[in-house]
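# Structure assessment
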Amino acid sequence: MHPTVVERELELKLVLSPERSIPVPARLSYRSDDPFAVHIAFHIGSEHPVNWTFARELLVEGVFRPCGHGDVRVWPTKVEGRSVVLMALSSPDGDALLEAPAAQVSAWLERTLRVVPPGSEAEQLGIDDGLAELLAPTPADDLWLRDPWPSDESKDGE
């Protein structure tokens, strides 16, 4: 079975100062075989896009209320009457504040939530099936389940 991929191209703004921002083409992508993560590729004029990966849950929550700490923080706000989602990203290479149109991000997130509903991510990974398979008894197991060192007190025939 092929993974389902949900992608969206959109233009973000890299906020340089309260008065100044520059457009940054970006691609949001989500894969059903990596169900907990969202990926954002920014095209900032360099040869290769800059890729960020973080929890889908963080972005879902960040559309409604401030969340996250450390490297990725997300919060909703209004800029000139428009609803936007701000993402503050920190890395050893530097920090960036990105502004995304809330409606487009929400619409894309809704598509990802239809593909993999919240709470069902682990099923997508087949973790439960994989564990069940790993833990299933095999005929050789009963050899291992016998006590290899019978205690001295209980000798046969006593």
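Note that the structure is predicted; figures quoted are calculated from it, not measured. (Residues numbered from 1 in each chain as written. Predicted model: local features only at pLDDT ≥ 70, side-chain atom pairs only at ≥ 80, totals over all residues. Heavy atoms only, no water.)

The next thing to look at is the overall build of the chain. What the chain contains, in helices and strands, is five helices and seven strands. Secondary structure elements in the chain, listed N-terminal to C-terminal, are β-β-β-β-α-β-β-β-α-α-α-α. Going through the 158 residues of the chain one by one, you find that 28% of them count as buried. Partitioning the intrachain contacts of the chain with sequence separation of at least 6 by distance along the chain shows that 36% fall at a separation of at least 24. Accessible area for the chain stands at about 10800 Å²; split by element, carbon and sulfur atoms hold 55% of it. (Helix = DSSP H or I, 4+ residues; strand = E, 2+ residues; numbered from the N terminus. Buried < 20%, exposed > 50% of the residue type's maximum accessible area, 1.4 Å probe, protein only. Contact = heavy atoms within 4.5 Å. Areas by Shrake-Rupley, 256 points an atom, 1.4 Å probe, with all protein chains shown as cover.)

Let's shift gears to the sheet that holds strand β6 (residues 82-91). Reading across the sheet, the seven strands line up as β4-β3-β2-β1-β7-β6-β5 and stay open at both edges, with antiparallel pairing between neighbours. Looking at the sheet topology across the chains shown, the edges are occupied by β4 (50-55) and β5 (72-79). Averaged over all neighbouring strand pairs, the angle between strand axes comes to 30°, with direction disregarded. Relative to strand β7 (residues 94-101), strand β1 (residues 5-17) runs antiparallel, the two sharing two bridges. Paired with Lys13 across the two strands is Glu99, which belongs to β7. Seen against the sheet, helix α2 (residues 102-115) touches β1, β2 (20-31), β3 (37-42), β6 and β7 and runs at an angle of roughly 150° to β1. (Pairing = 2+ DSSP bridges. Axes fitted to C-alpha atoms, helices over the stretch in contact; angles between N-to-C directions.)

A separate point is the nonpolar core. One finds Leu12, Phe42, Phe54, Leu59, Met87, Leu89 and Trp108 to be the most contacted residues of the largest nonpolar core, which totals 29 residues. Residue contacts for Met87: discarding those within four places in its chain leaves Leu12, Ile40, Phe54, Leu59, Arg73, Val74, Ala96, Leu97, Leu98 and Ala100. (Core = buried A, V, L, I, M, F, W, Y, C linked by side-chain atoms within 4.5 Å.)

This paragraph deals with the pattern of salt bridges. Considering all chains together, one arrives at six salt bridges under this definition. Ionic pairing is found between Asp33 and Arg31, a salt bridge with its closest N-O pair at 2.9 Å. Here Arg31 falls in the partly exposed class, since its relative accessible area comes to 32%. Arg82 is the salt-bridge partner of Glu99, the closest N and O atoms lying 3.4 Å from each other. Of this pair, Glu99 sits in strand β7 while Arg82 is found in strand β6, placing the two residues 17 residues apart along the sequence. For Glu99, a relative accessible area of 8% corresponds to the buried category. Several salt bridges share partner residues, and in doing so they unite Glu7, Glu9 and Arg27 into one network. (Salt bridge = Lys/Arg side-chain N within 4 Å of Asp/Glu carboxyl O.)

Just distances and angles here, no functional claims.
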